[in-house]
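Structure assessment
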Amino acid sequence: MRIHIADHPLVAHKLTALRDERTDSPTFRRLVDELVTLLAYEATRDVRTEPITIKTPVAPAVGVKLASPKPLVVPILRAGLGMLEGMVRLLPTAEVGFLGMIRDEGTLTVSMYATRLPEDLSGRQCYVLDPMLATGGTLSAAVELLIDRGADHITCVCLLAAPEGMAVMEEAFRDAHVPLTIVTAAVDERLNDKGYIVPGLGDAGDRLYGIA
Ligand SMILES: O=P(O)(O)OC[C@H]1O[C@H](OP(=O)(O)OP(=O)(O)O)[C@H](O)[C@@H]1O
Ligand SMILES: O=c1cc[nH]c(=O)[nH]1
Ligand SMILES: [Mg+2]
């Protein structure tokens, strides 16, 4: 598994504003959108392209276009939905699949309540969107499902990660034959006893959408 921590002053600036408890929902949504655009630039470094020839006003030129099959972007509901627009803006040919997942706040175990994905993901590059990688229960279950359906290249885009969640992902996919990358804006200190990232930003879903 490859881990990329986006080390850029604009990323750090936006992340600081996101963490701030005084940031209201409309501003939080806008900052998530902007931050994803910056992370998407890194996350799509290996996106497959194919050559095309076009004509400039002056001469023919060889360029590239996004390859087929189309990349698949998979936001994990709810909070991952806040990252969708920022991602597809940079990947306009992408298709979008959905996973609805929620963790029990007491036991921290995850259940999947919605799945809307192609049955066969063979040959597809997949981009999983989830702002928070905490215990890793959610993201590991999502990645496992994509691998089971044949995805052959998976990149997870997270705003924040905890070391505990990173370790769970490393262990779960140690022997995976699929290239797996996690792109995140920062790795925080730890989880608290309720499974929240410290210092983190609180509950990403609630801060985006308001209801628990
Ligand atoms: O790494 P984990 O310990 O599994 O926690 C991370 C998950 O928790 C949050 O989702 P939540 O269950 O709060 O659902 P929501 O997005 O609907 O708020 C977050 O959006 C992640 O999906
Ligand atoms: O800190 C955390 C952990 C899980 N989910 C969140 O939204 N925030
Ligand atoms: Mg939540």
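Basis of the calculations
Residues numbered from 1 in each chain as written. Chains lettered and ligands numbered in written order. Predicted model: local features only at pLDDT ≥ 70, side-chain atom pairs only at ≥ 80, totals over all residues. Heavy atoms only, no water. Helix = DSSP H or I, 4+ residues; strand = E, 2+ residues; numbered from the N terminus. Near = heavy atom within 4 Å. Polar contact = N/O pair within 3.5 Å; in protein donor to acceptor, adjacent residues only side chain to side chain. Areas by Shrake-Rupley, 256 points an atom, 1.4 Å probe, with all protein chains shown as cover. UniProt positions renumbered as here; feature names shortened; annotations may be inferred. Axes fitted to C-alpha atoms, helices over the stretch in contact; angles between N-to-C directions. Parallel < 35°, antiparallel > 145°, perpendicular 65-115°, else oblique. Left-handed = near helix turned anticlockwise from the far one by under 90°. Contact = heavy atoms within 4.5 Å. Nonpolar A, V, L, I, M, F, W, Y, C, P; charged D, E, K, R; others polar. Disulfide = S-S within 2.5 Å. Buried < 20%, exposed > 50% of the residue type's maximum accessible area, 1.4 Å probe, protein only. Core = buried A, V, L, I, M, F, W, Y, C linked by side-chain atoms within 4.5 Å. Pairing = 2+ DSSP bridges.

For Gly137, the position within the fold is in helix α4 (residues 137–148). Separated by 33 residues in the primary sequence, Gly137 and Asp104 place their C-alpha atoms 11 Å from one another.

Neighbouring residues of ligand 2: Arg103, Met132, Ala134, Gly195, Tyr196, Ile197, Gly202, Asp203 and Ala204. In the environment of ligand 2, a nitrogen atom lies 2.8 Å from a nitrogen or oxygen atom belonging to the backbone of Gly202. Between an oxygen atom of ligand 2 and a main-chain N or O atom of Ala204, the distance comes to 2.8 Å. In isolation ligand 2 has 240 Å² of accessible area, and contact with the protein removes 88% of it.

Here we come to the UniProt feature "domain: Phosphoribosyltransferase" (unreviewed entry) in the chain. What UniProt calls "domain: Phosphoribosyltransferase" (unreviewed entry) maps, in this numbering, to residues 6–210. With 32% helix and 31% strand, the stretch residues 6–210 has end C-alpha atoms that lie 28 Å from each other.

Between two packed helices, the angle of one axis relative to the other and the distance separating the axes together describe the packing. Their axes nearest at 10 Å, the elements helix α1 (residues 9–19) and helix α2 (residues 25–43) cross at an angle of 155 degrees. In this view, α1 runs roughly antiparallel relative to α2, as classed from their interaxial angle. For the crossing formed where α1 meets α2, the hand is left-handed. In this structure, α1 contributes Leu10, Val11, Lys14, Leu15, Ala17 and Leu18 to the contact, and α2 contributes Phe28, Leu31, Val32, Glu34, Leu35 and Leu38. Taken together, the residues of the contact of α1 with α2 sort by class into ten nonpolar, no polar and two charged.

A few words now on the state of the cysteines. Summed over the entire model, instances satisfying the criterion amount to zero disulfides. Here Cys156 stays unpaired: no disulfide links it, and the sulfur of Cys158, its closest cysteine neighbor, is 6.0 Å away. Residue class for Cys156 comes out buried when judged on its relative accessible area of 0%. In this structure Cys158 comes out as buried when scored by relative accessible area, which is 0%.

So, on to unusual backbone geometry. Most peptide bonds take the trans configuration, and most residues that are not glycine carry a negative phi. Cis geometry is adopted by the peptide bond preceding Arg78, which originates at Leu77 and carries an omega value of 0 degrees. When you line up the elements, Arg78 lands in the loop between β4 (72–77) and α3 (84–90). Looking along the chain, the bond that leaves Val198 and enters Pro199 is cis, with omega of 0 degrees. Look at Leu108: it is not a glycine, yet its phi comes out positive at around 65 degrees.

Looking now at the nonpolar core. With 37 residues, the main nonpolar core has Leu18, Val32, Val73, Met87 and Leu159 as its most contacted residues. Of the residues forming this core, the biggest block, eight residues, is contributed by α2. Every residue in contact with Val73, bar those within four places of it in the chain, is listed here: Leu84, Met87, Val88, Leu91, Ala94, Glu95, Val96, Gly97, Tyr127 and Leu129. Among the nonpolar cores identified, the runner-up in size contains 27 residues, and Leu72, Val74, Ala142 and Phe173 belong to it.

Here two bridges tie β4 to strand β6 (residues 98–103), and the two strands are oriented parallel to one another. Residue Leu77 lies in a different strand from β6, and its bridge partner there is Gly100. Remark: six residues form the turn of the hairpin made by β6 and strand β7 (residues 110–116), two consecutive strands paired antiparallel; Leu108 in that turn has positive phi of roughly 65 degrees.

Of all residues adjacent to ligand 1, which total 16 residues, the nearest are Arg103, Asp130, Thr135, Gly136 and Thr138. At 2.9 Å, a backbone N or O of Ala79 approaches an oxygen atom of ligand 1. Taking 500 Å² as the accessible area of ligand 1 by itself, protein coverage stands at 94%. Taken together, the elements giving at least two residues each to the shell around ligand 1 come down to β6, β9 (132–133) and α4. If one sorts the elements of the shell around ligand 1 by residue count, β6 sits on top with three residues. When grouped by side-chain class, the residues that make up the shell around ligand 1 number seven nonpolar, five polar and four charged.

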